[in-house]
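Observations on chain architecture
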Amino acid sequence: MSLSDFRVPAHATLSLVDWMVESVVSRGKHLLIRTRPPSRVSAPPLSIHSHLLMEGHWDVYATGERWRSPAFKARAVLGNPAFTAVGFELGFLHVLRTTDEVEVIGHLGPDPLGHSWDPAEAVRRLLAAPERPIGLALLDQRLICGLGNVYRSELLFVARVHPRTPVGEVEDLGHLVDLAHRLLNANKDRARRVTTGADGMNPYWVYGRAGQACLRCGEPLQKESLAESTRSAERDVFFCASCQGSYVPSGEGAR
């Protein structure tokens, strides 16, 4: 690298100029930029660990190209003579020894976009708490990593599963896990996520469309807040009560 500028207090004095970027890998929503020092520097390989959360993004520019986001939102700037990579509004940014990566990503579940994707392990982890609503379990990065609120709503709609259905009552959990793998891989190279198969007015079946007509049955779509007070903040989930049913706890009638 010919340019290294970390704009966070913990690493403001760190310079990786002349270091080599060996690889860039993702683990769920975590991004790891692995670097090694030049031969003259006695130091261990380092990984730049970032998480985008809701607003963050990494942009790559040709050297001298104008940035599309304001400079005050930049948290890291890395470059070589030809290109500059800028991390804007990153949820967090840490630099750690590459050998210590397990400390920050070792808790994550199977990654649908990873080379070592293991659907059986994903099902096993989900079923460890069979009473937990599937709409909450899908966001738990310890079970399957990489799924966010958009995919949570879209997966459940396509599979016709109500968000409040307990994991243990999902009829074909393996199918749902396989669908997550297929949907994420179908979108990994797209600039805009599409779940309906049509990159037009409605790229999503249900997400963000509360009150609008279901593209499958025409009924108005619903929105509810779903959370576990001890584990997560409330987040909206979108669904079709007609296509996905209205969940009724066991013993209180059919769903």
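Scroll up for the structure.
Residues numbered from 1 in each chain as written. Predicted model: local features only at pLDDT ≥ 70, side-chain atom pairs only at ≥ 80, totals over all residues. Heavy atoms only, no water.

1. Observations concerning the side chain of His 49
With respect to the secondary-structure elements, His 49 resides in strand 4 (residues 46-51). At a separation of 2.9 Å, a polar atom in the side chain of His 49 contacts the side chain of His 30. (Helix = DSSP H or I, 4+ residues; strand = E, 2+ residues; numbered from the N terminus. Polar contact = N/O pair within 3.5 Å; in protein donor to acceptor, adjacent residues only side chain to side chain.)

2. Quick look at the layout of surface pockets
Of the volumes computed, that of the largest pocket is approximately 1700 Å³. Along the walls of the largest pocket sit 45 residues, with Gly 28, Lys 29, Leu 52, Gly 146 and Arg 193 positioned nearest its centre. Counting only elements with at least two residues in the lining of the largest pocket, the list comes to strand 2 (20-27), strand 3 (30-36), helix 4 (149-158) and helix 5 (173-187). The biggest single contributor to the lining of the largest pocket is strand 2, with 4 residues. (1 Å grid on protein atoms, 1.4 Å probe; cavity = no way out; pocket = protein on both sides within 12 Å on 5 of 7 lines; lining within 4 Å. Points joined across faces, edges and corners; volume = space filled by probe spheres on them.)

3. What about the packing of helix 2 (residues 119-126) against helix 5?
Where helix 2 meets helix 5, the axes come as close as 10 Å, and the angle between the chain directions of the two elements is 125°. With respect to each other, helix 2 and helix 5 are oriented oblique. For helix 2 against helix 5, the interelement crossing comes out right-handed. In this structure, helix 2 uses Pro 119, Ala 122, Val 123 and Leu 126 to contact helix 5, whose residues at the interface are Leu 173, Gly 174 and Val 177. (Axes fitted to C-alpha atoms, helices over the stretch in contact; angles between N-to-C directions. Parallel < 35°, antiparallel > 145°, perpendicular 65-115°, else oblique. Left-handed = near helix turned anticlockwise from the far one by under 90°. Contact = heavy atoms within 4.5 Å.)

4. Some thoughts on the sheet that holds strand 5 (residues 57-62)
Overall, antiparallel pairing links the 4 strands, which are arranged 1-6-7-5 in an open sheet. Looking at strand neighbours, the two that pair on one side only are strand 1 (3-6) and strand 5, the edges of this open sheet. Across the sheet, the mean angle from the axis of one strand to that of its neighbour is 15°, orientation sign disregarded. Two elements, strand 5 and strand 7 (residues 83-88), share 6 bridges in a ladder whose sense is antiparallel. Pairing of Asp 59 across the sheet is with Val 86, part of strand 7. (Pairing = 2+ DSSP bridges.)

5. Description of the environment of Val 177
Topologically, Val 177 is positioned in helix 5. The class of Val 177 is buried, set by a relative accessible area of 2%. With 113 residues separating them in the primary sequence, Val 177 and Gly 64 have C-alpha atoms 44 Å apart. In this structure, Val 177 is in contact with Trp 117, Pro 119, Ala 122, Val 123, Leu 126 and Ile 144, ignoring residues within four places of it in sequence. (Buried < 20%, exposed > 50% of the residue type's maximum accessible area, 1.4 Å probe, protein only.)

6. Here we look at the packing of aromatic side chains
Using the criterion set out here, one finds 5 aromatic pairs in the structure. With a centroid separation of 5.8 Å and 80° between ring planes, the pair formed by Trp 67 and Phe 88 is classed as edge-to-face. Here Trp 67, found in the loop between strand 5 and strand 6 (74-79), pairs with Phe 88, found in strand 7; they are 21 residues apart in sequence, far enough to count as distant. The exposure class assigned to Phe 88 is buried, which follows from its relative accessible area of 0%. Grouped by ring-pair contacts, the aromatic residues Tyr 61, Trp 67 and Phe 88 constitute a single cluster. Lying over the aromatic face of Phe 157, Arg 216 brings its terminal NZ or CZ to 4.1 Å of the ring centre. (Phe/Tyr/Trp six-rings, centres within 6.5 Å; stacked < 30°, edge-to-face > 60°. Lys NZ or Arg CZ within 6 Å of the ring centre and 35° of its normal.)

7. Examining the nonpolar core
Formed by 23 residues in total, the largest nonpolar core has its most connected members in Leu 126, Ile 134, Leu 147, Leu 155 and Leu 173. Among the elements of the structure, helix 2, helix 3 (134-137), helix 4 and helix 5 are those that each provide at least two residues to this core. Residue contributions to this core peak at 7 residues, all from helix 5. Those residues within four positions of Ile 134 in sequence are excluded, and the remaining contacts are Leu 156, Val 161, His 162, Pro 163, Thr 165, Val 167, Val 170, Leu 173 and Leu 176. Residues Trp 19, Ile 33, Trp 58 and Leu 93 belong to the second largest nonpolar core, which totals 14 residues. (Core = buried A, V, L, I, M, F, W, Y, C linked by side-chain atoms within 4.5 Å.)

8. Overview of the pattern of salt bridges
All told, the structure shown has 14 salt bridges when counted by the stated rule. Of the charged contacts, one joins Arg 40 and Asp 18 as a salt bridge, the two residues approaching to 2.7 Å between their closest N and O atoms. You can see Arg 40 sitting in the loop between strand 3 and strand 4 and its partner Asp 18 sitting in the loop between strand 1 and strand 2, a full 22 residues away along the chain. Owing to a relative accessible area of 63%, Arg 40 belongs among the exposed residues under this scheme. A salt bridge links Glu 65 to Arg 68, with the shortest nitrogen-to-oxygen separation between them at 3.9 Å. For Glu 65, a relative accessible area of 37% corresponds to the partly exposed category. Classification of Arg 68 as exposed rests on a relative accessible area of 57%. (Salt bridge = Lys/Arg side-chain N within 4 Å of Asp/Glu carboxyl O.)

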